[in-house]
Amino acid sequence: MRTFLFALALAVPLDAFAARNEVSFEYVADFHGDEGVDMATGTWVANAVGLRGGGTIFQDRRHFGLVLDGGWTRSFQAAHTNGYLYDPASGGNTELPGYTSALDIETLSVGLKGDYEVRNIFYPYVHAQLGVAIGSLSVDDDNTRPDNLNQLTSVGAAPVGLFGLGAEIMLPDLAKGWKVTGAIFFEGGYQAAANMRLGDAGGPINLSGGLFRTGIGLRFR
Amino acid sequence: MNHRTLLMLALLTTGCGRYDIDPSQYTEEEGLWDPQSALPTDGGLFVRLTRAGDVALLTPGQDTVRVHLDDAEIDSIEAGAGSAVLTRSTEFVCDAGATPSKYVDDCPSDRLTQVGRADLIDASGSVARFDVGAWYGAFTFSADGHFAVAPIDANRPTAGGGLVNLTSVLVIDEETKTSYEVSVGFAADRVIFRNDAEGKAIGMLVLSRSEVANVDLTSQVAVPRATYPLTLDAGQTVTPIDVALTPDNHYALITIEGSGDLYVLDLESPSINIVALAGHPSALLVDPVSDRTYISYKASSRIDVLDHVRFDVETLDVDSATDHLIQGPGFVFAYSRSGALDGYRIDTTTFAVDRYRFTQPPTKVELAPDGTAAIALTATAGVGRLEVADLRQVDGKVDTDVKPFGLDGVGVGLTFAADADGSRALILQDGVDTLYSLSWPSLQVKAVDLPSPPAAIGTMPDGTFYITHQDALGLVTFLDDADNLVEVNGFGQLGMLDRPLLTQEEN
Amino acid sequence: MRCPSLVFLLTLAGCSQDYAMGDGSQPRDTGTSTDGNGGGGGGGAADTGLPSEDETDRLSLRPAQTDVYVFVANPDRDTVTRINVLTQEVKTVRVGHVPNAVVTTPDNLSAVVYNAGGDSVSVIHTDPVTKEMSVDTVDVRDNLNTMSLSPDGKYALLWHDAKGVDVDAGTGGAASYNEVSVVSIVGLSHTAIVVGFNPKGVRFTRDGSRAIVFSDASIASVDLTGASPDTTFIPIADPLNAPSAEEVEIDPAGHYAFVRQAATDALTVVDLRTREVEAVPVGQNPTDLDLTPDGLGAVVVSRAALEVSVFSVADPFADPRVVPFPDDTPFGSVIVGTDDLAVLFTNATPADRYALWTLSGDQIALHPLIKPAASIARTPDGGSLMVVHTSTDNPDGSTPLPYQKKAAVSLIDLSDFRTNTISLSAPILGFANSSDGKRGYVTMVDKPFMEVLHYDTLIYDEVALRSNAVFVGVLPDLDVNDGDQPPAWVSQVHPLGRMSFYDPDDASLETITGFELNGAIEE
């Protein structure tokens, strides 16, 4: 909630030339390819959704602008793992009961976006962010019981840096004379993350990887 | 940032209910820990964390200790000595320059070499380290914990070993923390230790294909004191199956697969005599008190008793063949796991035979610590029973009526411990969450509810029982005399995300 | 493997007779059925058409015994195993290559082993205190196959017997059939001597001071008293036309050697001092020659002449005392006892009787046999006869039905001629009699049994063995006053060696198996 208000505050326009102040809802796909995450979630792509808000800190009369933004994303993925034990004596596997694991990654970041306005419709941009990813691994080996002994959580964090190239497309003004418009954006880039150790579960996991971001939001002049 | 702060931050931003999860993916991975690997020691119960390549030391009422080797992954726990355990582990070495990373999965597979090793581990970590090629099989331990010996496992590859002497066994001296190889014979697979009067291991017999080596362990020599051939025909393979030593360590008695010959090896003046038995033996037991050897047969309803001077055979006729012999105080108990219902108590002084008849074929028999009862788990077509044979003699007579108790399932675990009133047997049943205890001689039954289905049961050195469970994230319960249950859980999670580390080569 | 020797033995068994008798007149009275001396051949067949009397013995592979030990040669392992009969303790030593004959010295301290494959002799000495064995090996000439030990155990003569088995025949570039190796057991030295072509046998004087190696055309008299053997070569016949020399006896003083030759009517007497050779006439076809136990007489059986002649050893050229047979039974063999009694029989032709000859009165009494005899042995105390019968029946059909066409053995009490004839399921392979005359032990071809014969009661006990029996022997009675019977040993077929020890006092049998493995134990 507080994040939302923070984003909103930043949206107060400082200059009325271009619609750069923003509030957006975005989907971020992190192609980290980390085996540890894959083991815990069954997938090597973290699919996150989140919110971002930004305010213009500079724009010239021509086309360039610079936005200071901040955002929060969260990915939550779970998997159930069936276990087995290899028996070297018989050469076969013995089945074991499994467990459910879920990895919750929340990323808070601030960054700078520099764009170039083209006919007030098309805004290619460069985007760089710094932030922190907070991971929380939850495991449970008996989902059917709410009081199961083995409901365990391990937490960790790691700094991340994101860099992307994207483009924003302004939608037509919502109403004539309104200073609010809509936009969609697509961005591709790279997230560099430090190793994250998740408490007793160890690791490390590493969320570095290609990034794809897309979203929709409001732009204010 | 410590974990608590992070946790709070995470909770604040997301909300709760994270355990009510509907997973979107289903995978299969190696289990996080091995419930059958539990090994009790003076310092606690060691279990193997299979995913993390570590071991965890569990002690009721105390924090779990995770023992991690920075430069190797632990593959198995072999056996305990005092408060330490001997583990087998693997080092991963990447060719120099192949990768700057420190993780195994970053090294190309064609540049990766695995090196076998053994570590003596206690709560503080690796106490001693021994190079053990991956081609060595499981260790056999001397009773005093002084020595561990591993023969070569012919099924394991010798890659990376250069020229591996396939006739050698590896000896680890746990007191001096040294290891050395002894050349004994090809395809060695059994080791039996010779102990002195105080029970300290002073030597060993190693059984190989068609020969037996007598090795001194008091001095670290690489050559046996004597090697006994079991055949002179190079084309004939004589495979020893069972070996026992006479109490004075003068003779070794060896039964041979598929043969009724008993090889008697004189260990003091090396010579061999072959005693012809009545058939193919099924079990061999040396009774130190009566200084006799008892032999049962697969297909003969008899038990032969051999003296240790002339090796003359005295035959005791029984009603059915047996294949297991257990030593009790003043008697030997014989029974069959091949479907026969009889058990026999053989008095080792008078050689009187008392016959007990179980209601179902026994799968396991344990003797009470004082030898006054034999308790059997019996089963037929999924129906399990616990049957008690009273072995006490009153006025020279025994009560041969067996008392059966029905079980909910098939009994899979049975362990005995002495208690204030005599002794107590704990019975685990397959798929049943309740542990039953049977007191002897009162035959009182008590039930103890377990938190989840058990996997294995055993006793700690201090007499506490431990029960491992199948819970994927780790659960062991400890049970004391008063049936107080203490649970230790969650250790399966330890290191579950760890990535195996490369061993850094010293330059 | 033992197989070649077994084949060899079976071949001999097929001849229905392969053992000499242990009779009381032999100097080494240990009760075994053979002694250390090589036997002679049979009688001539040319003039009578009858086959020769068979009196062979084979030394090869037979265990040798002392007072408590049995020595077994293991030719495939190049080892000799010593087994203590009383404790069954087994020790094995390495000797030369392919040991195939063992004999023991009378002092019971040494065993002499002929290594046929390595052309050497190994002397195994047992320390009298520690009982540990030590081995010394002496090389001998090649192309030899038979060993004879002097009665005092001081010398062993190795020679080539044309009837023996050659282990390494034809392996070299040259071979001689005239050579004899003389090995000093005490001095561990070897002397090669040349004797006549194709030696037929070796005889020693009773004190072991002289050995006679006899061939058809000559005898070599070897003086063993000096620092090295001194050989005197004495021709006894035309070398180009020599009759077959079948048997030689030497008088106890060592003055004369008596040579029995086939197809002659004379006994060749050689004066060993003067080297003079003279033929003394005897009856037609002499088939057996024996000295009386007191050494005063030489007895010659002339089968075709149906008579037996007794010569004085002191004056062999004097006329002999001739005793005709009572009927036309062609007896060809004689066993002269230490008492006044001798046994006459024949195994060259089926005969349904034997004779007992009282020497002092020259009376010969005939006694019937249920079946013809293959060999006869008299127990060392002289009280009983053991008759080993052939499988053929009496020519007149008088063999009772249960014994027809079967092997059998008869026990005959010489005091009252009570007889127990025991039918056997196979021909006899070997036998031994205890020195006190109370027990005899018999093994059969390819049978896992040993028959224990009680001479005092004439009954038998059967002892079952784990595998087929081969050789049998009886230890000497170490203390005749203790009332205990000496134990017997019987070797059996087993790839790794098997021997059983029988205690007649309690009829118990102890068996050890696998002693050949002991030679391969590495220490």
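A quick note: this is a predicted structure, and the numbers were derived from the prediction, not measured.

Further remarks concern the environment of Ser 244 of chain C. Summarising the element assignment, Ser 244 of chain C is placed in the loop between β16 (230–235) and β17 (245–250). Sequence separation of Ser 244 of chain C and Thr 264 of chain C is 20 residues, and the distance between their C-alpha atoms is 9.3 Å.

With that settled, consider the sheet that holds strand β11 (residues 179–184) of chain C. The strands making up a sheet are joined through hydrogen bonds of the backbone, oriented either antiparallel or parallel. All names here are of chain C. Ordered in space as β9-β10-β11-β12, the four strands form an open sheet in which the pairing is antiparallel. A strand with exactly one partner marks an edge of an open sheet, and here the two such strands are β9 (146–149) and β12 (189–194). Across the sheet, the mean angle separating the axes of adjacent strands is 25° when strand polarity is ignored. As paired elements, β9 and strand β10 (residues 155–159) share four bridges and run antiparallel to each other. Within the sheet, the bridge partner assigned to Met 147 lies in β10 and is Leu 158.

This next bit is on the sheet that holds strand β23 (residues 307–312) of chain C. Residue and element names in this part refer to chain C. Judged by pairing direction, the sheet is antiparallel, and its four strands sit side by side in the order β21-β22-β23-β24 without closing on themselves. Looking along the sheet, the strands with just one partner apiece sit at the ends: β21 (286–291) and β24 (321–324). The average angle at which neighbouring strand axes cross in this sheet is 20°, direction not considered. Where β21 and strand β22 (residues 297–302) come together, five bridges link them in antiparallel fashion. Considered in β22, the bridge of Leu 291 is made with Ala 298.

This part takes up the environment of Glu 249 of chain C. All names here are of chain C. Here Glu 249 lies in strand β17. In sequence terms Glu 249 and Asp 327 are 78 residues apart; their C-alpha atoms lie 28 Å from each other. Beyond its immediate stretch of four places on either side in the chain, Glu 249 contacts Arg 203, Phe 258, Leu 289, Asp 290, Leu 291 and Ala 298.

Turning our eyes to something else, we now look at the domain arrangement of chain B. All names here are of chain B. Taken domain by domain, chain B holds domain 1 (158–230) and domain 2 (240–339). Domain 1 puts ten residues into the contact, and the matching count from domain 2 is eleven residues. Broken down by secondary-structure element, the contributors of at least two residues to the side of domain 1 that touches domain 2 are β14 (190–195), β15 (201–208), β16 (211–216) and β17 (226–229). Considering only residue class, the side of domain 1 that touches domain 2 consists of seven nonpolar, one polar and two charged.

All right, on to the interface of chain B and chain C then. Contact with chain B, which involves 13 residues of that partner, is made by 16 residues of chain C. Of all the elements in the fold, those that place two or more residues in the side of chain B that touches chain C are β17 and β21 (271–276) of chain B. Ranked by residue count, the leading element in the side of chain B that touches chain C is β21 of chain B, at five residues. Tallied by class, the residues present in the side of chain B that touches chain C amount to eight nonpolar, three polar and two charged.

Let us look at the nonpolar core. Soluble globular proteins tend to pack their nonpolar side chains together in the buried interior. Ranked by internal contacts, the top residues of the largest apolar core, which has 288 residues, are Val 113, Leu 158, Val 213 and Leu 344 of chain C. With near-sequence residues (within four places) excluded, Leu 344 of chain C lies in contact with Val 301, Val 308, Phe 331, Val 334, Tyr 354, Ala 355, Trp 357 and Ile 364 of chain C.

Parameters at a glance
Just so you know, the residues in each chain are numbered from 1, in the order the chain's sequence is written. Chain labels run from A onward and ligand labels from 1 onward, assigned in the order the entries are written. At least 70 in pLDDT is required for a residue's local features to be given in this predicted model, at least 80 for side-chain atom pairs to be given and counted, and no such filter applies to totals for whole chains, interfaces and linings, which use all residues. Numbering of helices and strands starts at the N terminus; helices are DSSP runs of H or I of at least 4 residues and strands are runs of E of at least 2. When DSSP locates at least two bridges between a pair of strands, those strands are taken to pair. A fitted line through C-alpha atoms represents every axis, and for helices the fit uses only the stretch in contact; the resulting angles, taken between N-to-C directions, go from 0 to 180 degrees. Two residues form a contact once the distance between their C-beta atoms, set from the backbone, is within 7 Å. Domain boundaries shown here were taken from an automatic or database domain assignment. Throughout, the ten residues Ala, Val, Leu, Ile, Met, Phe, Trp, Tyr, Cys and Pro are labelled nonpolar, Asp, Glu, Lys and Arg are labelled charged, and all others, Gly among them, are labelled polar. Think of a nonpolar core as buried Ala, Val, Leu, Ile, Met, Phe, Trp, Tyr and Cys residues chained together by C-beta atoms that fall within 7 Å. Burial in this document is a count-based property: other C-beta atoms within 10 Å of a residue's C-beta are tallied, and the residue is buried at 20 or more, exposed at 12 or fewer, or partly exposed in between, with C-beta positions derived from the backbone.

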